[in-house]
Amino acid sequence: MKLDDAYANVPYIPGGEDYPPRWAAEAAAFREARTPGRDDLGLPYGDTPRQAYDIFRPEAAPEGTLIFVHGGYWFRFDRSYWSHFATGALARGWSVAMPSYDLCPDVRIADITQQIARAIQTIAGTTDGPLALAGHSAGGHLVSRMAQPGLLPTGITDRITTITPISPVSDLRPLLHTSMNDQFRLTEATAAAESPALMPDRLAIPTHIWVGAEERPVFLDQARWQADAWSCPLRIDKGRHHFDIIDALKDPESPLMRDILD
């Protein structure tokens, strides 16, 4: 398909194939080192095994809860790869919740959007204080979709202080021209309906979009399309690519973490 190479990240990142196993190992080590009883793993929010989330808590009463949604083109990974990326928010005194979700082709992208909305409602129902939403790649798409009016109850959206899509896919229509659409089963209509850059209306939640300066050109385009459509700031992170841009989540004082939590 003519856009397969344009949306391929691994071949254009040095050692790209090594990132997922390294993430998984670092995440497992992080969980192993945590104080027993402080966190909860595998809490259900839906009726399938993947509809579950982990929540990591700081030492003191939390300032709020960051909900981080992982990427993987809606058909890869789960919450177990990303636990260590909670480090920065925990150091700032925030809890961090990380949901998994069912994957394509077992479900459609629109179904995953609904699952993340349900996850956020469940997490909000068991936590107090502000909520911050952040997501990477496909996860950036999913947290952006939460700004659709009516998708979440007003009592929850009033608590959301920021939405931070990181290297998001904001217009799904180009994916129709990739072989990945065998997994997604998108049509022109469903791709448009699920595209944050094409949302006719959105909630007035402060949003900052991040993308690495060394990313594939289409991801720079995708970030710009959403920033332009939403009239929100676009941060282009110098020297970062699609995989290492999220390293800043581990640094409590990074500009990315300041955008998410301040």
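What this report covers is the structure whose coordinates are included nearby. The shown structure was predicted, so the numbers you read here are calculated from the model rather than taken from an experiment. (Residues numbered from 1 in each chain as written. Predicted model: local features only at pLDDT ≥ 70, side-chain atom pairs only at ≥ 80, totals over all residues. Heavy atoms only, no water.)

Our next topic: the pattern of salt bridges. Within this structure, the stated rule accounts for 12 salt bridges. Ionic pairing is found between E26 and K250, a salt bridge with its closest N-O pair at 3.9 Å. Here E26 is found in helix α1 (residues 19-33), whereas its partner K250 is found in the loop between β8 (234-237) and α9 (255-261), with 224 residues between them in sequence. The exposure class assigned to E26 is partly exposed, which follows from its relative accessible area of 32%. (Salt bridge = Lys/Arg side-chain N within 4 Å of Asp/Glu carboxyl O. Helix = DSSP H or I, 4+ residues; strand = E, 2+ residues; numbered from the N terminus. Buried < 20%, exposed > 50% of the residue type's maximum accessible area, 1.4 Å probe, protein only.)

Attention now goes to the layout of surface pockets. In this structure, the largest pocket occupies an estimated 310 Å³ of space. Tallied by class, residues from the lining of the largest pocket come to 12 nonpolar, 7 polar and 2 charged. Approximately 170 Å³ is the volume found for the second largest pocket. Lining the second largest pocket, in full, are L43, Y53, I55, R57, P62, G64, T65, S95, T126, T127 and D128. For the lining of the second largest pocket, the per-class residue count stands at 4 nonpolar, 5 polar and 2 charged. (1 Å grid on protein atoms, 1.4 Å probe; cavity = no way out; pocket = protein on both sides within 12 Å on 5 of 7 lines; lining within 4 Å. Points joined across faces, edges and corners; volume = space filled by probe spheres on them. Nonpolar A, V, L, I, M, F, W, Y, C, P; charged D, E, K, R; others polar.)

What follows covers the side chain of T127. By the secondary structure assignment, T127 is in the loop between α3 (109-125) and β5 (131-136). Exposure remark for T127: the relative accessible area of 14% places this residue in the buried category. Aside from chain neighbours lying at most four places away, what touches T127 is I55, T65 and R159. (Contact = heavy atoms within 4.5 Å.)

Scanning the entire structure with this criterion turns up 15 aromatic pairs. When the ring of W23 is compared with that of F77, the centres are 6.4 Å apart and the planes differ by 85°; the resulting orientation is edge-to-face. Residue W23 is located in helix α1, and its partner F77 is located in the loop between β3 (65-69) and α2 (87-91); the two are separated by 54 residues in the primary sequence. The same class applies to W23 as to F77, namely buried. Geometrically, the ring pair formed by W23 and F243 is edge-to-face, given 5.3 Å between the ring centres and 75° between the ring planes. You can see W23 sitting in helix α1 and its partner F243 sitting in the loop between β8 and α9, a full 220 residues away along the chain. In this structure W23 comes out as buried when scored by relative accessible area, which is 4%. Take F243: its relative accessible area is 9%, and that puts it in the buried class. An aromatic cluster of at least three residues, connected via ring pairs, comprises Y19, W23, F77, Y81, W82, F85 and F243. For the cation-ring pair, R22 lies above Y19, with the distance from its terminal atom to the ring centre recorded as 4.4 Å. (Phe/Tyr/Trp six-rings, centres within 6.5 Å; stacked < 30°, edge-to-face > 60°. Lys NZ or Arg CZ within 6 Å of the ring centre and 35° of its normal.)

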